[in-house]
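Structure assessment
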Amino acid sequence: MFKWNENFRTGIETIDEQHKKLIEIGAKLEDMLYAGDSLDYYDYIMETINELKDYTDYHFSYEEKQMRERNYPGLDEHRMEHLYFIKKIDKLAMQDIDSQQVTVISEALEFLAKWLFSHILNSDMQYVDYLKRNAG
């Protein structure tokens, strides 16, 4: 599920590399899910969720700065999508992860896959279209 697809390519190299990193973090969670539920992954889950939170903060800040500098009219809406993501990940991190590891990983994966791929293919591509229309 968490594999780079050329359809995700925005043509903005830095953003594409950052998206690849987010997909890589999702793949770590996916690996935990398929490794089996007999192992205790609490520390690894927390480490991965914290990595996801830290990296999305970095990525979202970068993306929003680029949009601000280019006067992107969809910045406020885009930023709201980012805030929604952050709040959802914070909520997942606050669950009783230790006793519900498989459930938390499954919820995180489902949310991350739906949100990330939809966000890249729709919202980020709207920004790319804006840049193309306003090039020059």
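Refer to the structure printed above.
As a convention, each chain's residues are numbered from 1 in the sequence order in which they are written. For this predicted model, a pLDDT threshold of at least 70 governs which residues receive local features, and a threshold of 80 or more governs which side-chain atom pairs are given and counted, while totals over whole chains, interfaces and linings are taken from all residues. Here the side-chain values reflect all heavy atoms present in the structure, with hydrogen atoms and water set aside.

One finds F2, I45, L52, F85, I89, L116 and F117 to be the most contacted residues of the largest nonpolar core, which totals 31 residues. For helices the rule is a DSSP run of H or I covering at least 4 residues; for strands it is a run of E covering at least 2, with both sets numbered from the N terminus onward. For this core, the secondary structure elements donating two or more residues are helix 1 (13-34), helix 2 (42-69), helix 3 (75-93) and helix 4 (101-133). The nonpolar core is taken to be a set of buried Ala, Val, Leu, Ile, Met, Phe, Trp, Tyr and Cys residues, with the residues joined through side-chain atoms within 4.5 Å. Relative accessibility under 20% of the residue-type maximum defines a buried residue, over 50% an exposed one, and the middle range a partly exposed one, all with a 1.4 Å probe and only protein chains included. Core analysis: the next-biggest nonpolar cluster, separate from the first, contains 5 residues, M67, Y72, L75 and Y130 among them.

Glancing now at the packing of helix 1 against helix 2. For every element, the axis is a line fit to its C-alpha atoms; helices are fit only across the contacting stretch, and the angle between N-to-C directions ranges from 0 to 180 degrees. For the pair helix 1 and helix 2, interaxial distance at closest approach is 10 Å and the crossing angle is 165 degrees. By the angle class used here, helix 1 and helix 2 are roughly antiparallel. Like other packed secondary-structure pairs, helix 1 and helix 2 cross with a definite hand, here left-handed. Facing T14, I15, Q18, H19, K21, L22, I25, K28, L29 and M32 of helix 1, the residues of helix 2 in contact are Y44, I45, T48, E51, L52, Y55, T56, Y58, H59, Y62 and E63. Polar here means any residue outside two lists: the nonpolar Ala, Val, Leu, Ile, Met, Phe, Trp, Tyr, Cys and Pro, and the charged Asp, Glu, Lys and Arg; Gly therefore counts as polar. Considered class by class, the residues forming the contact of helix 1 with helix 2 number 11 nonpolar, 6 polar and 4 charged. When describing relative orientation, an angle under 35 degrees is termed roughly parallel and one over 145 degrees roughly antiparallel, while 65 to 115 degrees is termed roughly perpendicular and anything else oblique. Rotating anticlockwise by less than a right angle from the far helix to the near helix defines a left-handed crossing, while the corresponding clockwise rotation defines a right-handed one. We call two residues in contact when some of their heavy atoms are within 4.5 Å.

So, about the environment of K91. Within the secondary structure, K91 is located in helix 3. Residues K91 and K53 lie 38 residues apart in sequence; the distance between their C-alpha atoms is 11 Å.

When the centres of two rings from Phe, Tyr and Trp lie within 6.5 Å, Trp using its six-membered ring, the rings pair. Their planes under 30 degrees apart give stacked, over 60 give edge-to-face, and anything left gives tilted. Within the structure shown, the criterion is met by 11 aromatic pairs. Every member of this aromatic cluster is reached through a ring pair, and the members are F60, Y84, F85, F111 and W115. Positioned above the aromatic ring of W4 is the side chain of K20, whose terminal nitrogen or guanidinium carbon lies 5.1 Å from the ring centre. Looking at K88, its charged tip hangs above the ring of F111, at a distance of 5.8 Å from the centre. Definition used: whenever NZ (Lys) or CZ (Arg) falls within 6 Å of the ring centre and also within 35 degrees of the ring normal, the charge is taken to sit over that ring.

Our focus in this paragraph is the side chain of D16. Tracing the sequence through the fold places D16 in helix 1. Residues within four places of D16 in sequence aside, it is in contact with W4, F8, R9, T10 and G11.

What counts as a salt bridge is simple: a side-chain nitrogen of Lys or Arg found within 4 Å of a carboxyl oxygen of Asp or Glu. In the structure shown here, the tally under the stated rule is 11 salt bridges. The partner of R9 in a salt bridge is D16, with the nearest N and O atoms 3.7 Å apart. Accessibility expressed as a relative area gives 2% for D16, which makes it buried. One salt-bridge network, held together by shared partners, links K21, E24, K28 and E51.

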